[in-house]
Amino acid sequence: MKNPQCEEAGIDDGTMLRLRDVNKSYHMAQEELHILKNISLEVSKGEFLAILGPSGSGKSTLMNVIGCMDLADSGEYYLDGIAIHRTKEKALTRIRNQEIGFIFQKYHLIPTYTVMQNIVMPLLMRGMSYQEAAESCMDTIRLLGLENRMEHKPSELSGGQQQRVAIARALVGRPAILLADEPTGALDSSTGKEVLALFSQLNRLGNTIVMITHDLGVAKNASRVVRIVDGELQE
Amino acid sequence: MRLKELLRIVWINIIQNKFKVVLTSIGIVVGAATIVMVIAIGRGGQMEVAEQFKNLNAGAIDISYELSADARESRQSGSGQTAGGGMERAVPDMGGGFPGAFATGSADSGSAGTFGGGGLPDMGNFEGGFPGGSQDGGGRPDFGDFGNFGSDFIMSGGFDMSDRMNQEQITLSEADVEDIEVFVPGISAVSISYSSRTSVEGGELEEAVTYTVAGVKENYAEMSNLTLEMGEFITDSNDENTEKVCVLGAQAAKEIFGSALDAYDSILYIDERPYVVNGILSEMGSVSSGISPDQAIFIPYSTGIKYIAGDNPNPTVTVIAEDVSDVETVIANIETVLADSYPNAEFTVNDAGSKMEAASASNDTLTMLLVAMAAIVFIVGGIGIMNVLFVSVKERTNEIGILKALGCTKKDILLEFLFEAAAISVIGGLLGVGFSFGITPVVERLQVRVELSAMGAVMAVCFAVITGTVFGFYPAWKASRLIPVEALNQE
């Protein structure tokens, strides 16, 4: 997926994600809200990073920028060697599909689809047939213990199970990075612990994970924690 | 995304929202049903026209006379006082000075006027069979000399006759037929007929029923392309002897006697007089000279005039032009000949070609009206689809955000919503076609001919898909343009 034109000389192959002086503002009415202020961050391949911050600190905006769902106003962003800040919308769509696995606080499963249909969706978007996609995601489904839930609708599952489905969906495309936005925010504490244990397991399997949370207890599961306060990053 | 997988997603969405899909497609159902019915009724109308006129000779010209409205009123108010005022017929080939001698037929006079108009040249041409007699006198007195003739013609009293057309009762006669035969070139046949609604009894009828009774000549059958199932048609001999014989239309025979066989050689009472059924027509299914032969009863012309027509028969002279392309010329010549005989009369002339064109044009107008209606229904249905899709996009904004976050392209989202709109339309179109097939018997019960066709069904579904896709495009486009972050955070 690496685009030679977008590759930046000097980026270490061991760096999965690099932000340099990233700024992001929103215009609300006539006021300009400076959300991200000169954010610089590096995440190595295979690292499990937690970005910790209170509500309104700008962590979700940072997540959107890292997840290529929003573009920074200024600064540079490289993801697995790709210069995201110079990439057009069409290529960003492909990057979201192939390089990033999203895990959301509210799971964001499509309610009318079955578990299997939700999980294979990123693969279908790559042009695979349903059959091929279903076959290629069986390992992930087994890993997450969802074998007996494949024909269920999300509404028929518990919160923890739904989050497992969301994690399976994020993993099936074998993305370069997993982005988790408050992954335990909607779960009870024991289920949350299970999910965090799963994250640690995935990290040990070599997955790079960036997790955003407001909960220090959750953040402690990561191998590195950075804080974001009023749009500024503090190691 | 592969087309098959895209269609699978569309299918899932439709299955999950069956009720909404059906409700959304109602406009399209009605539109598609309308299209099918428009085409079917249009085709039915065309076939009806074709069938009605299939036996009609394209060169046929019907000539009849109608009293002007004010004259009709005047005659009605003065009825009972009229005596001999009617101008029955002028003498053809009378020469120049004669027209001024036509009586205006003052309705209140009845007295013989003076014949004041110059001489009557070439009186030798005047035949004894001149239609005369008073309005209430009936009959055709055989005036032997011109002295009697004067009693039927009243001077105009000096008013400008050219401004007062169709003031007098005129009865077209066999003499007019002869005039046309002699003086109008390019015609192959001429006949005179008249028809009236007359009560009929006999056979299996439990009470008197009104039928169209037509007094016709022998050549009427050939001119109207009538064929007989059994027996023979009215003959010249029947006509000359004023015989009380009749020929029944196929439907009339069936209604009155149960079958053609039972009808043949039976006695039928027309206006309380017995007639022998001499023949039964084959099923014709067409209209000839304004008469539906299947439901008519034909009698000799002279018999009809004598026993049924009453005081004011209104016969029709039918002329067949040898060459259809000469119909207009023939009409002009007929009018010239008749104007010679009746200078103050304007005749109603209808040619079959014009009738066919008028019927066809009328049918086309109806079809256009229905097409316009179908177009409106489709537009309304399309707006309904657009509205529902907008709501659907709004409802599914979060889903669209998820798809975008997962890497779904704008094109795939556009196609997904477009296919959904098209699928709703196809479902609506198919339901509409089914609905139209279902209501066809009901429409047919309303005496509207419906000819369903595969082409109509295909067109309806095509129109439905086009409507759904066109009206579904904008909501689909809006969905594809949603910003991922905003869509994802939409509750």
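Described in the following lines is the structure provided in the data block. If you're wondering where the values come from, they're calculated on a predicted model, not measured in any experiment.

## Quick word on the packing of aromatic side chains
Here's step 1: Under the defined criterion, the tally for this structure stands at eight aromatic pairs over all chains.
Here's step 2: Arranged with centres 5.6 Å apart and planes meeting at 5°, the rings of F102 of chain A and F104 of chain A form a pair that is stacked.
Here's step 3: The exposure class of F104 of chain A is buried, given its relative accessible area of 6%.
Here's step 4: Taken together through their ring pairs, the aromatic side chains of Y65, Y342 and F347 of chain B make up a single cluster.

## Section: the packing of helix 6 (residues 159-172) of chain A against helix 7 (residues 189-204) of chain A
Residues and elements named next belong to chain A.
Here's step 1: Where helix 6 meets helix 7, the closest approach of the two axes is 10 Å, and the angle between their N-to-C directions is 20°. Our classification of the angle between helix 6 and helix 7 gives roughly parallel. Here helix 6 and helix 7 pass one another in a crossing that is right-handed. For the pair formed by helix 6 and helix 7, the contact residues are G160, Q163, R164, I167 and L171 on the first element and T191, E194, V195, L198, F199 and L202 on the second.
Here's step 2: The residue makeup of the contact of helix 6 with helix 7, split by class, is six nonpolar, three polar and two charged.

## Concerning the pattern of salt bridges
Here's step 1: Evaluation of the coordinates by the stated rule reveals 19 salt bridges over all chains.
Here's step 2: Residue E42 of chain A pairs with R18 of chain A through a salt bridge whose shortest N-O separation is 2.7 Å. Of this pair, E42 of chain A sits in strand 2 (residues 31-44) while R18 of chain A sits in strand 1 (residues 15-28), placing them 24 residues apart in sequence.
Here's step 3: For E42 of chain A, a relative accessible area of 38% gives the class partly exposed.
Here's step 4: Judged by relative accessible area, R18 of chain A falls into the buried class, the value being 10%.
Here's step 5: Across the pair R2 of chain B and E132 of chain A runs a salt bridge, and its minimum N-O distance is 3.5 Å. Of this pair, R2 of chain B sits in the segment before helix 1 (3-16) while E132 of chain A is found in helix 4 (residues 130-136), placing the two residues in two different chains.

Rules and cut-offs
- Residues numbered from 1 in each chain as written.
- Chains lettered and ligands numbered in written order.
- Predicted model: local features only at pLDDT ≥ 70, side-chain atom pairs only at ≥ 80, totals over all residues.
- Heavy atoms only, no water.
- Phe/Tyr/Trp six-rings, centres within 6.5 Å; stacked < 30°, edge-to-face > 60°.
- Buried < 20%, exposed > 50% of the residue type's maximum accessible area, 1.4 Å probe, protein only.
- Axes fitted to C-alpha atoms, helices over the stretch in contact; angles between N-to-C directions.
- Helix = DSSP H or I, 4+ residues; strand = E, 2+ residues; numbered from the N terminus.
- Parallel < 35°, antiparallel > 145°, perpendicular 65-115°, else oblique.
- Left-handed = near helix turned anticlockwise from the far one by under 90°.
- Contact = heavy atoms within 4.5 Å.
- Nonpolar A, V, L, I, M, F, W, Y, C, P; charged D, E, K, R; others polar.
- Salt bridge = Lys/Arg side-chain N within 4 Å of Asp/Glu carboxyl O.

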